[in-house]
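# Tertiary structure, described
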Amino acid sequence: MGSMYRASKTLKSSRQALTLLFNPVKSIGRDPSCSGLHQAYGFSSDSKQNSREPAIDLTQFPSEKIRNFSIIAHIDHGKSTLADRLMELTGTIKKGHGQPQYLDKLQVERERGITVKAQTATMFYENKVKDQEASAFLLNLIDTPGHVDFSYEVSRSLSACQGALLVVDAAQGVQAQTVANFYLAFEANLTIVPVINKIDQPTADPDRVKAQLKSMFDLDTDEVLLVSAKTGLGLEHVLPAVIERIPPPPGISDSPLRMLLFDSFFNEYKGVVCYVSVVDGMLTKGDKVSFAATGQSYEVLDVGIMHPELTSTGMLLTGQVGYIVTGMRTTKEARIGDTIYRTKTTVEPLPGFKPVRHMVFSGVYPADGSDFEALTHAIEKLTCNDASVSVAKETSAALGMGFRCGFLGLLHMDVFHQRLEQEYGTQVISTIPTVPYTFEYSDGSKLQVQNPAALPSNPKYRVTASWEPTVIATIILPSEYVGAVINLCSDRRGQQLEYTFIDAQRVFLKYQLPLREIVVDFYDELKSITSGYASFDYEDAEYQKSDLVKLDILLNGQAVDALATIVHNQKAYRVGKELVEKLKNFIERQMFEVMIQAAIGSKIIARDTISAMRKNVLAKCYGGDITRKKKLLEKQKEGKKRMKRVGSVDIPHEAFQQILKVS
Amino acid sequence: MLRTTTSPIFSSFTSKPRTSRLIFKAFNVILEDTPPSARRNASTNLTTLHQGPPTSAYVHLPFCRKRCHYCDFPILALGSSVSNAPYEEKQEDDPRITNYVNLLVREINATRTCFDTNPNLKTVFFGGGTPSLVPPKLVSLVLETLSSRFGLCPDAEISMEMDPGTFGGEKLKELMDLGVNRVSLGVQAFQEELLKACGRAHGVTEVYEAIEIVRACGVENWSMDLISSLPHQTLEMWEESLRLAIESQPSHVSVYDLQVEQGTKFGNVYTPGKSPLPSETQSAEFYKTASSMLRGAGYEHYEVSSYSKDEGFKCKHNLIYWGNKPFYAFGLGSASYVGGLRFSRPRRLKEYTNYVADLENGAANWCGDGNVDLKDVATDIIMLSFRTSKGLEVKEFGEAFGRKVVNSICKVYEPYVESGHIVCLDDMRREVMSDEFKKLVGDDEVKIEDHVRYLRLRDPDGFLLSNELISLAFGVISP
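Conventions and cut-offs
Residues numbered from 1 in each chain as written. Chains lettered and ligands numbered in written order. Predicted model: local features only at pLDDT ≥ 70, side-chain atom pairs only at ≥ 80, totals over all residues. Heavy atoms only, no water. pLDDT = per-residue confidence, 0-100. Contact = heavy atoms within 4.5 Å. Pairing = 2+ DSSP bridges. Helix = DSSP H or I, 4+ residues; strand = E, 2+ residues; numbered from the N terminus. Axes fitted to C-alpha atoms, helices over the stretch in contact; angles between N-to-C directions. Expected span 1.5 Å × (residues − 1). Buried < 20%, exposed > 50% of the residue type's maximum accessible area, 1.4 Å probe, protein only. Phe/Tyr/Trp six-rings, centres within 6.5 Å; stacked < 30°, edge-to-face > 60°. Lys NZ or Arg CZ within 6 Å of the ring centre and 35° of its normal.

All names here are of chain B. For chain B, per-residue confidence averages 87 on the pLDDT scale, and 88% of positions sit at 70 or higher. Considering only residues more than four positions removed or in separate chains, one finds that residues 1–43, a stretch of pLDDT under 50, has 84 contacts. Note on residues 82–86: pLDDT is under 50 here. Beyond four places in sequence and across chains, it has five contacts.

Residues and elements named next belong to chain B. Strand order in the open sheet formed by four strands is β14-β17-β15-β16, and the pairing between neighbours is antiparallel. Two strands close off the open sheet at either side, each with one partner strand: β14 (392–393) and β16 (431–432). Pairing geometry for β14 and strand β17 (residues 454–457), over two bridges, is antiparallel. Paired with L392 across the two strands is L455, which belongs to β17.

Residues and elements named next belong to chain A. Across the sheet, which stays open at both edges, the four strands sit in the order β18-β19-β17-β20 with antiparallel pairing between neighbours. Because the sheet does not close on itself, it has two edges, and the strands there are β18 (390–396) and β20 (428–430). For this sheet, the mean inter-axis angle between neighbouring strands, taken without regard to orientation, is 30°. Both strand β17 (residues 360–366) and β20 contribute to a ladder of three bridges, which runs antiparallel. Looking at β20, one finds that P366 is bridged to V428. Sitting on the sheet, helix α13 (residues 410–424) is in contact with β17, β19 (400–407) and β20, with an inclination near 15° to β17.

This part is about helix α9 (residues 204–216) of chain B. With 13 residues, α9(B) should reach 18 Å at 1.5 Å per residue; the first-to-last C-alpha distance of 18 Å fits that figure. Those residues of α9(B) that fall on the buried side of the exposure criterion are B:V204, B:V207, B:A210, B:I211, B:I213 and B:V214.

What follows deals with the packing of aromatic side chains. According to the stated counting rule, one finds 33 aromatic pairs over all chains in the structure shown. Their ring planes at 40° and their centres at 5.3 Å tell us that A:F61 and A:F124 sit as a pair that is tilted. Taken as a pair, A:F61 in the loop between α4 (39–51) and β1 (66–73) and A:F124 in strand β2 (residues 121–127) lie far apart in primary sequence, 63 residues in all. Taking 5.1 Å as the distance between ring centres and 50° as the angle between the ring planes, the aromatic pair formed by A:F522 and A:F536 counts as tilted. Of the two residues, A:F522 sits in helix α16 (residues 522–529) while A:F536 sits in strand β26 (residues 535–545), which places them 14 residues apart along the sequence. With a relative accessible area of 1%, A:F536 lands in the buried category. Residue placement shows A:K446 over the ring face of A:W467; its charged tip is 5.0 Å from the ring centre. In this structure, B:R149 packs its charged tip against the face of B:F150, placed 5.0 Å from the ring centre.

So, in structure tokens, the structure goes:
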């Protein structure tokens, strides 16, 4: 079972996808504004606000009555279902979504992923401890994306929490994402509440999973909760465990206000909505607040909690999690991780987050050169709600005007491309994904390269050193596939860091791999050699020194910038030969002979030729009926539009797509 | 009546043409720098050629004994009973032929135009099908009808496609007496196995017989049709066919490269370029061989697939097509070009019958009102003139469609002039060398058409890639 393949599903239920799901897919293309997408949301929350009286009184919940937690799990281990059940249990949403009144109001949201909204939600829960009087608690369930690409977002969501439910499937046991997420939570000093889910399954083996949790994470097997979110079995123990084991938020209520901005999205009616966690002090509607990173000040126009939709409360107290609306224009003003404080006070800024690191770059070009404006428009709208993509204009001799986009990882990139095509109908050519490299020259200068074409093929100064980013990859797999996977990893220049048995059947492998080696087809390859039984996850690691070279592809002597790649010297010949072969298959015969070469600097390392087209002649125009032939010629003309011309060589779009896909 | 009003539009040959309306319909960008004089000079302009009355007629006689395996034309197969018979007798009374010709005559008679002048027809082409299956008596009826309806020049070129095994000396003589003066003989190949493989209704013996008949009857202007790239055809076979063709001394040879069309027997069985069809390279070799052997034997390669002994033997009827000039067409599935409209008649007999009835009561619209999309005209001209060895008349084209288009086309073609696929000629038809052409194209001050009068595809390399080259120009005209 594979994490990346399934990860798109995680993404759906993730906070990252919040924007995605708030954006009704169908209306995006039509809506001229950046975020008409939130229309439904704004409407419903407003009406909710008006209809739901009396307002919630947050003053009843001092820090000690608050628990902030998240649920972390490998894909499909039941995170969403568990979240739903907990919300049903607390009456935050109605069971089975069956309440007609609720449905009527929020049908749109429901269709578009109520789970998403509901998952970063405030719940109220009466905790009854033996022999004691029941006591009301405010529980904030803060959603986290499951996938590693968004691990920086996981960290930021986790930083608003003090604990996490670590959910593991009773049959599948610990998987790669379980490991990755566990360590993120562990590093964030969160209290882990282990939950084995799906214990109702016939193949459930909770004892084996308990043993794994013990051996992998040193978790106390007595503390593991056994539940079935599906049947409700054992569910009643979850929230009491959250309250008992997870500490309340540590903030100081009589200190000046300090809030962590941990997310934002755009709402057409409200403007930018910021998700905040109040660390110290309190906030009331009408307060003037300042943002430490941007230095901007705003008035708080609305403040409330997500219950599960935006619900005004007029205030937020220490330890509470909610939203504020300030009349900010774009999400760009809301820097995730920023510290918000009361204007004219002085506070120590919160540690914040590491800035987003873009680890995968690719050029995005309109498939038809004339569509550049449409692409610009689509990208602008997309990035309006996904600030995690970096975008810079670039021009390619082969592909025309386009953009160099930076992504958090592969999945992030895939989702972005998919959204461009699906939501905006934009046909794009994306260049081979590349990672950020550093080159050092003999004159001491250093060059950061996000686009291989930007690296001089014949530099003035000699390259003295080069560095590439690496990742620490976690692979969990049935032991019979270990040999094949070790071969794959060493072929990808991986360095084994760990090789342990989780139990009798499953092996845990840890590798340091150059990021470049996994950006394209590593996961597909892994899946294929393990029949889909391996799970894989990775986290960014440091740069390593590597012998890197630029590989140019030349057509009739002219380098095609869009096909340039940076490869390890040892692999250059192989990659060059493969690229030349592939190009030969994808480029059709032209009126001239076409010479394809792969070169490092001025050294040709692979070559082939496509012989000239011999015949493409008009047939007889019988009886003067030229219409059919003309249609043929028109078609041929249209075909030429789908070509990118480099020098005198026409390269079909498909060739780029295919070559870029498989290399 | 086809038109309820006699529109002043059809006054194109008077001093007040209606070009301005046409010209601004489309093409406004490209035409912006067209000299006004060119626009006014309607009667000679390429953009108004189609407005005049046609002087050519294509007549479709769709009967065949059986359908050839490569054929997707609208034909009516008569079956084998006809093939064994003494031709003259049996076909005389075949009601299918008689009925069809009657329908055809009705169509011709129902054809009304609104041209101010109705010049006599200068060319008539009987195509098929196998027109030689039609009894001369019925051919005569068609010619008489054409003559009374449009008039027929005394020296009109009257061509007829004839297949070996479908006519004897007597029949040919009769046809010649009726005015048929050009024979297009569908030989296709000189190898028994190839004729069989493509489902021809005749063998090699009939081929030789037919050639003998044509020569014995003294048909001066006759063409032999050959097909290259047939399944199992080898270069040796092709050379043999060409040699035997040359030995037969036709005044004209048409060489067609086999097109594998969908829905034909060949289309169901063969893939172009794949065995037993020759590869693309072999097939190109066939084309080149034909060009060099026939030119070596004194034929002029005046069109992609046409060769003629001298100027006088070029097919005048086909030159009308290549010149983008108007022509009538009558009969099943035939395509006409009148008043700027390219119109194809129904390919099925039943629908065609209905069409003729509609035509008779004025309900059918086959004739254009003279309005055309100028981009269509421009691309038609490009496509058609590049088929000929004369090529595109740059100056004339520029006058009609604007200098900008000419410049852009020249720019696009520059690499192909350099590679030799395209030939530039000055007004004396001397070749303009590629480096000079490059200079001309690069210099914005220079009027290219002052130095380059014609652009044409080089024989054979340019002709071989005509689709590629023509579609490049299409891209310039309508991007």
